[in-house]
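Structural overview
The primary structure of each chain is shown beneath.
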Amino acid sequence: MNKYNSYTGIDFFRLIAALLVITIHTSPLASFSETGDFVLTRVVARVAVPFFFMTSGFFLISRYSRDNSELKKFIKKTAFFYGIAILIYIPVNLYSGYFHQDNLIQNVIKDILFDGTFYHLWYLPASALGAWIAWYLVKRLGYKKALTAASALYLLGLLGDSYYGLAGNIPGVNSFYQFVFQVSDYTRNGIFFAPVFFVLGGLTADMRHRISLPKSACGFGISFVFMLAEALLLHYFDLQRHDSMYVLLVPCMYFLFHAILHFRGKRLERMRTLSLCIYIIHPMMIIVVRLFAKIFHMQNLLIENSLVHFLSVCAASVIFSVIVTALLRRYGRKNRKPAAGTDRAWIEVDLKNLTHNAKTLQKAMQPKCQLMAVVKAEAYGHGAFEISTCLDQIGVKAFAVATIDEGIHLRKYGVRGEILILGHTAVWRAAELKRYNLIQTLISYEYANALNRQGASVKAHLKIDTGMHRLGISCYDITAVKQVFSLKHITVCGIYTHLCCSDSLQAVDVAYTHEQINRFYSLIHALQDRGITIPKLHIQSSYGLFNYPGLQCDYVRAGIALYGVFSAPNEETVRKLDLRPVLSLKSKVVLIRPVPKGECIGYGRCFVTERDSRIAILSIGYADGVPRNLSCGNGMIRIRHYLVPVIGRICMDQLTVDITGAEDIAVGDVATLIEAKTDSELTAAIVADHAGSISNELLCRMGTRLPVIVQNKI
Ligand SMILES: *Cc1c(COP(=O)(O)O)cnc(C)c1O
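Rules of the game
Residues numbered from 1 in each chain as written. Predicted model: local features only at pLDDT ≥ 70, side-chain atom pairs only at ≥ 80, totals over all residues. Heavy atoms only, no water. UniProt positions renumbered as here; feature names shortened; annotations may be inferred. Helix = DSSP H or I, 4+ residues; strand = E, 2+ residues; numbered from the N terminus. Contact = heavy atoms within 4.5 Å. Areas by Shrake-Rupley, 256 points an atom, 1.4 Å probe, with all protein chains shown as cover. Polar contact = N/O pair within 3.5 Å; in protein donor to acceptor, adjacent residues only side chain to side chain. Phe/Tyr/Trp six-rings, centres within 6.5 Å; stacked < 30°, edge-to-face > 60°. Lys NZ or Arg CZ within 6 Å of the ring centre and 35° of its normal. Pairing = 2+ DSSP bridges. Salt bridge = Lys/Arg side-chain N within 4 Å of Asp/Glu carboxyl O. Buried < 20%, exposed > 50% of the residue type's maximum accessible area, 1.4 Å probe, protein only. Expected span 1.5 Å × (residues − 1). Near = heavy atom within 4 Å. Nonpolar A, V, L, I, M, F, W, Y, C, P; charged D, E, K, R; others polar. Core = buried A, V, L, I, M, F, W, Y, C linked by side-chain atoms within 4.5 Å. Disulfide = S-S within 2.5 Å.

The chain is annotated in an unreviewed UniProt entry as Alanine racemase of Candidatus Aphodoplasma excrementigallinarum. Per UniProt, the chain carries the Cofactor (unreviewed entry) text "pyridoxal 5'-phosphate". Under the UniProt heading Pathway (unreviewed entry), the entry covering the chain gives this text: "Amino-acid biosynthesis; D-alanine biosynthesis; D-alanine from L-alanine: step 1/1."

1. Remarks on the overall build of the chain
Regarding its fold elements, the chain presents 25 helices and 19 strands. Projected onto its principal axes, the C-alpha positions of the chain cover 100 × 80 × 50 Å. Of the contacts formed within the chain by residues at least 6 apart in sequence, a portion of 72% connects residues at least 24 apart. Summing over all exposed atoms, the chain offers an accessible surface of approximately 33400 Å²; the carbon and sulfur share of this is 59%.

2. Looking at the side chain of His-356
Its place among the elements puts His-356 in helix α15 (residues 351-364). Here the side chain of His-356 touches Arg-580 through a polar contact of 3.4 Å, side chain to side chain. For His-356, the contacting residues outside a window of four places in its chain are Asp-578 and Arg-580.

3. So, the packing of aromatic side chains
All told, the structure shown has 38 aromatic pairs when counted by the stated rule. Pairing Phe-53 with Phe-193 gives two aromatic rings, centres 6.0 Å apart and planes at 75°, and the pair type is edge-to-face. On the criterion of sequence distance, the pair formed by Phe-53 in helix α3 (residues 48-60) and Phe-193 in the loop between α8 (171-183) and α9 (194-206) is long-range, its members being 140 residues apart. Between the NZ or CZ atom of Arg-63 and the centre of the ring of Tyr-64, over which it lies, the distance is 5.6 Å. Cation over ring: Arg-241 sits above Tyr-164, and NZ or CZ is 5.8 Å from the ring centre.

4. A look at the pairing of strand β16 (residues 642-647)
Where strand β15 (residues 636-639) lies against β16, 4 bridges are found, and the strand directions are antiparallel. Bridge assignment links Ile-639 to a residue of β16, and that residue is Tyr-642. The loop that links β15 with its antiparallel partner β16 comprises 2 residues; one of these, Arg-640, has a positive phi angle of about 50°. Here 2 bridges tie β16 to strand β17 (residues 655-658), and the two strands are oriented antiparallel to one another. Residue Ile-647 lies in a different strand from β17, and its bridge partner there is Thr-656.

5. A word on the pattern of salt bridges
Close approach of charged atoms lets side chains of opposite charge pair. With the rule as written, the count across this model stands at 23 salt bridges. Measuring nitrogen to oxygen at the nearest pair gives 3.6 Å for the salt bridge that ties Asp-243 to Arg-42. Residue Asp-243 is found in the loop between α10 (213-236) and α11 (249-261), and its partner Arg-42 is found in helix α2 (residues 34-43); the two are separated by 201 residues along the sequence. Taking the relative accessible area as the measure of exposure, Arg-42 reaches 21% and is therefore partly exposed. Across the pair Arg-429 and Glu-432 runs a salt bridge whose closest N-O atoms are separated by 2.8 Å. Each of Arg-344, Asp-624, Asp-653 and Arg-705 takes part in salt bridges that share partners, so that together they form one network.

6. Topic: α3
Between its first and last C-alpha, α3 extends 18 Å over 13 residues, near the 18 Å set by a 1.5 Å rise per residue. Tucked inside the fold, the buried residues of α3 contact α1 (8-26), α4 (69-95), α6 (123-159), α9, α11 and α12 (270-295).

7. Quick word on the UniProt feature "active site" (unreviewed entry) in the chain
Those places that UniProt annotates as "active site" (unreviewed entry) correspond, in this numbering, to Lys-376 and Tyr-603. Spatial dispersion of the annotated residues is evident: they stretch over 228 residues in sequence, and the largest pairwise C-alpha distance comes to 34.2 Å. Within the secondary structure, Lys-376 sits in helix α16 (residues 376-381). The class for Lys-376 is partly exposed, based on a relative accessible area of 29%. If we skip the residues at most four places from it in the chain, Lys-376 touches Ala-400, Val-401, Ala-402, Glu-406 and Leu-422. Looking at the element boundaries, Tyr-603 is found in the loop between β12 (600-601) and β13 (607-608). With residues near it in sequence (within four places) discarded, Tyr-603 still touches Arg-649 and Cys-651.

8. Description of the site of the ligand
Taken together, 14 residues sit near the ligand, with Lys-376, Tyr-380, Ser-542, Arg-557 and Gly-559 positioned nearest. The side chain of Lys-376 places a nitrogen or oxygen atom 2.7 Å from an oxygen atom of the ligand. Burial of the ligand by the protein amounts to 88% of the accessible area it has alone, namely 390 Å². Secondary structure elements with two or more residues in the shell around the ligand: α16 and β10 (555-558). Tallied by class, the residues present in the shell around the ligand amount to 5 nonpolar, 5 polar and 4 charged.

9. Side note on the pairing of β10
Because side chains alternate across β10, one face comprises the buried residues Tyr-555 and Arg-557, and the other comprises Val-556 and Ala-558, equally buried. The pairing of strand β2 (residues 370-374) with β10 spans 4 bridges and is parallel. When the bridges of β10 are listed, Ala-373 appears paired with Ala-558.

10. Here we look at the nonpolar core
By size, the foremost hydrophobic cluster in this structure holds 118 residues, and its most contacted members are Val-375, Leu-391, Leu-442, Ile-639 and Val-657. Excluding anything up to four places from it in sequence, Ile-639 contacts Val-589, Leu-618, Val-644, Val-657, Ile-659, Ile-665, Asp-669, Val-670 and Ala-671. By size, the runner-up hydrophobic cluster in this structure holds 87 residues, among which are Leu-60, Phe-118, Met-227 and Leu-249.

11. Some words on the state of the cysteines
If you walk through the whole model with that rule in mind, you get 0 disulfides. Just so you know, Cys-600 is unpaired, no disulfide at all, and the nearest cysteine sulfur is the one on Cys-606, 9.3 Å from it.

Here you go:
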């Protein structure tokens, strides 16, 4: 996300929410109207803390997550701030006699975990606990069930909070709450209160479609009015034990948050620190204002007048926090680390181009035909996580992988659509196919039978060999094909074949491809004649779509086209689509050295300088997927505006380029090995060609050691 397309609305509302929290603790309208005070502090200001939870959830919780390192980071950070806040308030705790209470240890533990060691600090442990619960709910159950579970917790919380008057009278229920209150003073905590807002925040972030501003404003307005009525009624009937939680607070927050998201613009980075600082420090400022009033005999103005009291606490808190924020900026960590992973060698993937390609392919296909995104081999080296979660988010509903483990990974990343395994899976893993809802390719009649004997109900696509002679039942073996349809535990929901020379426009190859297509359809018709209901059909991969765009199928299995490159340079195709490369491969210059004429460079002494030279060492090698065949002048690399040759042999982790004459190249410069530009000299197809291979191989060999850096996140 760039600097001018950030959620300015969220940044601004952080400040508003922090001031609303001060409102709760100072009751600005208390001197004027009891009802006014109730409405302001017990209803309006109650949106503040859920807003903070939702914001954290928005940036943290996602169904698409590879591991829980983000969660750990969040909890660590929250614990760090909590630690500081606890320390800050120890003097006040001392003064107020906190350490003289009965059952000190027990109470300290309870306070640290739930209630906060100073009254408002409960927010920090609640935030960590709420995030943790929401994270696992969403990962394990998906949003629908997670939201249901979090709502159930919230409901339990309600009955111990605003609705306690109802629950308190029922004996069994009451003893449950008596137990709860021994552990936590309120149900407004990390278990009952926070999770639902974290889940809602994550849900909002993962939703592709935002509610429009007028609709969300309207939704907020209506929910708020009802929440006001709810609060006043509960207050009137005296049902509240505490007044943080309302039923209508949940829809209220949902719409409010959606409305806030519409305000986009410049990132206001400081607001986050500022609002947190105000949140933590304002009770201290209440004490300071009181002290000040006492010393200067200004109690009448500064304390008795609730509005002035509120304003002076706000002013003091904001001024203090602005100073702290400025100091942190000035003296905080200076050396901003560059983006993680860009210190040695890395892959950059441009998700805007990926999205563009997926849409372009979808448009080029026959109506009703679906894109099946082939993401095998770490999505052709682009990073299966980054690619498949992006495609899932933009609505791609079918994926193909090579192995069952790739399929399971996709599920763990949160991918929802169909997942077809193109290769062989050991039959004893049938239960896993079922558990992760994966579709298995039936590669032969014997295989289908063996899989069926496992007894787990499995979805499958039947592969037909029409002339490639790799996987599949022969297209002439109608009996075997027909029998597969009657296997008890296997549901055949697709039939497909693979073309072996659809990339060639030579007459013999075109004829062979037509023959393959005809064989496939003859089989289909024969099955139809025998009364079999024909499931989904697919034939084309990328080149099948390029060169045989008229085929009427249910899916196109697109791999290389999705990544926006041709297999080889300058290929002719029947249909020319505007596809854009997604991946760049980059590394860094880590060392520059002069080498006199006549010296050898690298293993095997196979390069000898013919002049006094300057060479640069790049921190990337064949273990990162750079083909060793690019050694000794076969490969070129871009550094700044120069295109420089690879000299000597490429090593496992390093390679050398000749930069003689390119005086301005310096240590730390970025070197580009594959460039994500259609007309570059360094397209994947050209680089692969220099190495004597095709881009498919070049790309998919990069999936192991290199970090993937995402650009243009959608
Ligand atoms: C890999 C693969 C594809 C994708 O091929 P591209 O040429 O990259 O589009 C399609 N079908 C099968 C069976 C495959 O193995």
